[in-house]
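Inside the fold
Listed below are the residues making up each chain.
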Amino acid sequence: MATIRNLKIKTAACKRIVKELHSYEKEVEREAAKTADMKEKGADPYDLKQQENVLAESRMMIPDCRKRLESSLADLKGILVEREAAKTADMKEKGADPYDLKQQENVLAESRMMIPDCRKRLESSLADLKGILAELEEANQKEGPEVTEAETTVVDVEKLFETTQS
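Below or above, wherever it landed, is the structure these notes cover. Quick caveat, the model's predicted, so the values are computed rather than measured. (Residues numbered from 1 in each chain as written. Predicted model: local features only at pLDDT ≥ 70, side-chain atom pairs only at ≥ 80, totals over all residues. Heavy atoms only, no water.)

What the chain contains, in helices and strands, is four helices and zero strands. Starting at the N terminus and walking to the C terminus, you meet the elements of the chain as α-α-α-α. Counting every position in the chain, which comprises 166 residues, the buried fraction comes to 31%. Intrachain contacts of the chain at a sequence separation of at least 6 include 73% that bridge at least 24 residues. Surface exposure of the chain reaches about 10800 Å², of which carbon and sulfur atoms provide 54%. (Helix = DSSP H or I, 4+ residues; strand = E, 2+ residues; numbered from the N terminus. Buried < 20%, exposed > 50% of the residue type's maximum accessible area, 1.4 Å probe, protein only. Contact = heavy atoms within 4.5 Å. Areas by Shrake-Rupley, 256 points an atom, 1.4 Å probe, with all protein chains shown as cover.)

Structure (structure tokens):
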């Protein structure tokens, strides 16, 4: 059974990853502006290439962060659904007031409805990741551990979708 401690841990993890995601998004904006400025000023090709690599690495962090956030959100929602299901079962066992029991069943139903939303966000993140990988391939930057990890993530998430559709 999910404990309050687990709930706090999962909630804190979600909050931390959201902050991290926002930080990476700001970093990409900064690096993109810096890259555009360097192009505009006619910077040295080597320096420009290095800056483009920095920008590409920054962009690669966002899909990974989104993937971790989706996973963390799924864990948190699982704990919430588990807690609500246990609470509903406990109320039934104790012969709770039918009105209170109905309210609790509604809470449980709402918790279960969150799961498809989480899947939609994961599908969106997967599409973003595939788009970034395509951009990197077009820019001939399809090498390095970040790209390999992103490709592995795509395969893993697609396998997850296959097993849930079966």
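Now that the structure is up, let's keep going.
Moving on, we get to the nonpolar core. One finds Ala 56, Met 60, Leu 122, Leu 126, Leu 129, Ile 132, Leu 133, Leu 136, Val 147, Ala 150, Val 154 and Val 157 forming the largest nonpolar core, which totals 12 residues. For this core, the secondary structure elements donating two or more residues are helix H2 (45–93), helix H3 (98–138) and helix H4 (145–165). Per-element accounting of this core gives the leading share, six residues, to H3. The contacts of Val 147, once residues within four sequence positions are left out, are Met 60, Leu 133, Leu 136, Gln 141 and Lys 142. Ranked by size, the runner-up nonpolar core spans 11 residues in total, among them Val 28, Leu 55, Cys 65 and Leu 76. (Core = buried A, V, L, I, M, F, W, Y, C linked by side-chain atoms within 4.5 Å.)

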